[in-house]
Amino acid sequence: MARAGLTADRVVAAAADLADEVGFENVSLSALARGFGVKDASLYSHVRNLQDLRTRVAFLAGGELIDRIAVAVAGRAGREALSAFADAYRAYALEHPGRYAATQIRIDQSLIAGSPALRRTAEITYGVLRAYGLEEPDLTDAVRLLRSTFHGYCALESTGGFGAPRDVQRSWERAVDALHVALTHWPREVEVG
């Protein structure tokens, strides 16, 4: 029987909070159960296993991240939208390191197809990039460039990887400027035929 007040949503939210405190890779069902004052077995009424819990945290965090980005880019296009997108992404990654780490895990493709948050992520990201006149396959390449740049920068910043005396914020702004230039002058793929 499920413990009164314990729901799948509460378990996932607590796991996300725990991830921000101790790191996503350190979240365990045992630690979560201790936090609720229950035995590990009590959690299995709400999540199948650790992988299921991690996937649910990834979906929760992905939804939070895209909600923040959507608010930031609303009514903006081009350089303004790119900057708002980038800043919202970075702020979330730095404020919620465990949740952010969850957004980077590999998720079963069958689960992704049914996720409204992930569909919304694609729609918003592609919308920002379409303002640069990009179409497939360039859109996919540009998404990969943005994700790798944003993720790499945030990962290095969060671990203190930038040791030079240059202001980290200013370097971030210059990186976003460089992305804008790259997107504006994107080398279109020419079909060979």
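In every chain, residue numbers begin from 1 and rise along the written sequence. A pLDDT threshold of at least 70 governs which residues receive local features in this predicted model, and a stricter bar of 80 or more applies before side-chain atom pairs are shown or counted, although totals over entire chains, interfaces and linings include all residues. To get the side-chain values, all heavy atoms of the structure are used, and hydrogens and water are removed first.

**Some remarks on helix α4 (residues 50–73)**
In an α-helix, one turn spans 3.6 residues, which is why side chains three or four residues apart end up on the same side. Quick reminder of the rule: Labels follow the DSSP assignment, with helices taken as runs of H or I lasting at least four residues and strands as runs of E lasting at least two, numbered in each case from the N terminus. The span expected for a helix works out to 1.5 Å for each residue beyond the first. Nitrogen and oxygen atoms within 3.5 Å of one another constitute a polar contact, given that in protein one can donate a hydrogen and the other can accept it, and given that sequence-neighbouring residues count only through two side-chain atoms.
Taking 1.5 Å of rise per residue, the 24 residues of α4 would be expected to cover 34 Å, and the 34 Å separating its terminal C-alpha atoms lies within 8% of that figure. With a side-chain oxygen positioned 3.1 Å from the backbone nitrogen of Gln-51, the residue opening α4 is Asn-49. Once α4 ends, the next one or two residues include Gly-75, with phi positive near 80°.

**Quick word on the packing of helix α1 (residues 8–22) against α4**
As a reminder, the rule being used: Orientation is described by lines fitted to C-alpha atoms, with helices fitted over the stretch in contact, and by angles between N-to-C directions that extend from 0 to 180 degrees. Comment on the angle field: the value is read as roughly parallel under 35 degrees, roughly antiparallel over 145, roughly perpendicular from 65 to 115, and oblique elsewhere. Contacts: residue pairs with any heavy atoms within 4.5 Å of one another. Ten residues, namely Ala, Val, Leu, Ile, Met, Phe, Trp, Tyr, Cys and Pro, are considered nonpolar, four, namely Asp, Glu, Lys and Arg, are considered charged, and the remaining ones, Gly among them, are considered polar.
The interhelical angle for the contact between α1 and α4, taken along N-to-C directions, is 80°, at an axis separation of 9 Å. Taken together, α1 and α4 sit at an angle that is classed as roughly perpendicular. Within the contact between the two elements, α1 uses Ala-8, Val-11, Val-12, Ala-13, Ala-15 and Ala-16 and α4 uses Leu-53, Arg-56, Val-57 and Leu-60. Looking at the contact of α1 with α4 residue by residue, the classes come out as 9 nonpolar, no polar and 1 charged.

**Details of the confidence of the model for the protein chain**
As a reminder of what qualifies: pLDDT measures how confident the predictor is about each residue, on a scale from 0 to 100.
A residue-level look at the protein chain finds 96% of positions with pLDDT of 70 or above and a mean pLDDT of 93. Within the protein chain, no element has a lower average pLDDT than helix α7 (residues 109–112), which sits at 78, and none a higher one than helix α5 (residues 78–95), at 98.

**Considerations on the pattern of salt bridges**
Here is the rule: Salt bridge, as used here: a side-chain nitrogen of Lys or Arg that lies within 4 Å of a carboxyl oxygen of Asp or Glu. Accessible area is worked out with a 1.4 Å probe on protein chains only. A residue is then buried under 20% of its type maximum, exposed over 50%, and partly exposed in between.
Taken as a whole, this structure holds 12 salt bridges when the rule is applied. As a salt-bridge pair, Arg-68 and Glu-95 come within 2.9 Å of each other at their nearest N and O atoms. Taken together, the residues span a long stretch of sequence, with Arg-68 in helix α4 and Glu-95 in helix α5 at a distance of 27 residues. The residue Asp-177 makes a salt bridge to Arg-174 at a minimum N-O spacing of 3.6 Å. Of the two residues, Asp-177 and Arg-174 both sit in helix α10 (residues 168–184), 3 residues apart, roughly one turn of that helix. Look at Asp-177 and you get partly exposed, because its relative accessible area is 23%.

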